[in-house]
Structure formats: structure tokens, C-alpha cells
Amino acid sequence: MFKKSQQSLRLTLRALAHLLGYPHAELRAHMPALLDALRLEQVLPEARMAEIEALCRQLCALDPMEAEARYVDTFDRGRQTSLHLFEHVHGDSRERGPALIDLMQTYEKAGLYFDADELPDHLGAVLEFASTQPSAVAREFLGEMAHILNALFTALANKGNPYACVIAAVLEVAGQRVQAVAITPEPDMDEAWAEPEAFDGCATKGQNRPGQPQPLHFVRNAASTSSSQGVAP
């Protein structure tokens with residue numbers, strides 16, 4: 001019997017990575033094989049396996065278009081539930097670029113070269129990389145992201161989303177505690193992308209509201225200045 005530090009995680013991590021992928025027809029067809037891989041290594045507790053099995057049954061029972069629409073609504077409509085881990089930390093700031101480069105270098109130092117449609121901080125890609133490493137290294141690598149994973153788990157659990165069990169499983173594989181954490185509320189997606197009211201004035205932070213004074217700035221036109229009689233605009 002393997003000790004925990006020596007126990008293989010390869011199949012478990014790859015199965016979890018696939019479960020977080022877009023649920024197209026091919027992936028749904030492979031759900032039984034993914035569950036077999038998870039059972040073979042016996043890394044996850046029985047209660048977590050039962051939740052994952054329920055998720056797989058639900059995805060296979062749903063109409064294909066509904067399963068795919070639910071996936072998009074879950075992971076592509078807000079930062080709190082994004083599978084791109086650095087989005088939770090850096091958002092769209094300049095710091096995200098260097099962080100992605102550092103992660104790519106981590107992959108390359110391990111002799112692996114990233115070649116996928118997703119960015120390298122996508123949790124599926126992170127799990128695929130971890131599956132290539134010794135168990136102790138994989139646990140340490142994923143453990144460094146525990147605060148992000150717990151925030152993602154919390155956001156999904158708060159919505160009653162069944163994908164929360166997959167994130168919880170990743171934390172358990174990493175030897176981390178699964179726990180709810182405080183997360184900052186984010187604006188509704190429709191509100192964040194709402195068009196400003198026409199002719200409503202401008203400010204440095206978007207549209208002003210009626211009744212607010214608007215400063216006027218007059219700029220001298222160089223061409224007209226040279227031909228003018230010294231009269232300012």
C-alpha cells in the first residue's frame with residue numbers, strides 16, 4: 001500500500017482536468033472512463049466521489065446544448081468563477097502578463113511546452129501540468145494556489161453549482177482544507193456591460209448624471225491661430 005506522499009496522482013489530476021473542460025459530446029462520452037480513473041487511484045474520499053459521479057450523471061442527462069450553455073454561464077460570466085486562476089488575483093491589470101510568463105517558464109523548466117487554446121493559467125492546464133510531476137511536487141505546486149481555489153470553490157458553492165465538487169476535489173488532492181472564504185461581490189454582468197445613456201455627459205469614471213455640472217475646455221486651433229487677427233477662440 002502506498003503512503004500518501006508516494007501515492008500516484010497522475011490519473012486523478014488528469015481526470016479532474018477533463019471534468020473542468022467544455023462538455024462537448026466527446027467529453028460526455030468519456031465520463032465513465034474518467035470515473036474509472038478516479039476510482040483506480042482512490043485518492044478522493046467516498047463522499048467527494050459520490051458528488052462527482054452525480055455531476056457526471058447530470059451532464060450526460062442534460063440536453064447537449066443546455067450542458068454547454070450551463071458551462072459557459074458558470075465559468076465565462078464573471079471573475080469569481082473564472083477557471084483562469086490569475087484573473088482572480090490580477091484581473092485585467094498589467095501584472096497578469098508577467099505572471100503568465102513566469103508560469104510558462106515553470107512549465108518549460110520541467111521540460112514541457114505549452115500548446116493549447118487556453119491561457120496557461122487555466123485550471124485544466126495547471127492540473128495537466130501537475131499530473132506530469134511527482135506527487136509531492138504536484139501537491140506543493142497546487143497548494144500554492146489554495147487561496148484561489150478556495151475562493152473559486154466558495155463562489156460556486158454559494159450558487160449551488162455542482163462544479164464546486166471538482167474544485168473541492170483539487171484542494172483535497174493537494175492536501176489542503178476545503179473551506180468557504182470571504183469573497184468580494186462583483187457587479188452584475190449586464191450592469192457592467194451596460195451602454196451609457198446618450199448625451200449624458202462624460203467624466204473620468206464613465207457617464208455623469210443629469211444635473212451635474214460639466215466643465216468645458218476650449219483648445220486653440222493652431223491652423224486658425226496663424227490666420228487669425230489675434231482673436232482667441
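Definitions and limits used
- Residues numbered from 1 in each chain as written.
- Predicted model: local features only at pLDDT ≥ 70, side-chain atom pairs only at ≥ 80, totals over all residues.
- Heavy atoms only, no water.
- Helix = DSSP H or I, 4+ residues; strand = E, 2+ residues; numbered from the N terminus.
- Buried < 20%, exposed > 50% of the residue type's maximum accessible area, 1.4 Å probe, protein only.
- Areas by Shrake-Rupley, 256 points an atom, 1.4 Å probe, with all protein chains shown as cover.
- Contact = heavy atoms within 4.5 Å.
- Axes fitted to C-alpha atoms, helices over the stretch in contact; angles between N-to-C directions.
- Parallel < 35°, antiparallel > 145°, perpendicular 65-115°, else oblique.
- Nonpolar A, V, L, I, M, F, W, Y, C, P; charged D, E, K, R; others polar.
- Phe/Tyr/Trp six-rings, centres within 6.5 Å; stacked < 30°, edge-to-face > 60°.

1. Digging into the overall build of the protein chain
- Tallying secondary structure elements over the protein chain gives 13 helices and two strands in all.
- When burial is assessed residue by residue, the protein chain has 38% of its 233 residues classed as buried.
- Surface accessibility of the protein chain: about 14,500 Å² in total, with carbon and sulfur atoms responsible for 54%.

2. Topic: helix H9 (residues 135–143)
- All of the buried residues in H9 are Ser135, Ala138, Arg139, Phe141, Leu142 and Gly143.
- Looking at the packing, one finds that the buried side of H9 touches helix H1 (10–19), helix H7 (96–109), helix H8 (123–131), helix H10 (146–158) and helix H11 (164–173).

3. Overview of the environment of Val43
- Looking at where Val43 falls in the secondary structure, it is placed in the loop between helix H3 (31–41) and helix H4 (46–61).
- When the C-alpha atoms of Val43 and Ala169 are compared, they prove to be 9.3 Å apart, with 126 residues separating the residues in sequence.
- Discounting chain neighbours no more than four positions away, the residues touching Val43 are Gln7, Ser8, Leu9, Thr12, Leu38 and Val173.

4. Examining the packing of H8 against H9
- Here H8 crosses H9 at 155 degrees, and the two axes come no closer than 9 Å. Between H8 and H9, the angle is such that the two are roughly antiparallel. Residues Val126, Leu127, Phe129 and Ala130 of H8 form the contact with H9, whose own contacting residues are Ala138, Phe141 and Leu142.
- For the contact of H8 with H9, the per-class residue count stands at seven nonpolar, no polar and no charged.

5. Here we look at the packing of aromatic side chains
- Inspection of every chain in the model, using the stated rule, returns six aromatic pairs.
- Ring geometry for Tyr22 versus Tyr71: centroids 5.6 Å apart, planes at 90 degrees, classification edge-to-face. With Tyr22 in the loop between H1 and helix H2 (25–29) and Tyr71 in helix H5 (residues 64–75), this pair connects stretches of sequence that are 49 residues apart.
- Overall, Tyr22 belongs to the partly exposed group, its relative accessible area being 36%.
- Ring centres 5.0 Å apart and planes at 70 degrees place the aromatic pair Phe75 and Tyr163 in the edge-to-face group. Placement of Phe75 in helix H5 and of Tyr163 in the loop between H10 and H11 is noted, with a sequence separation of 88 residues between them.

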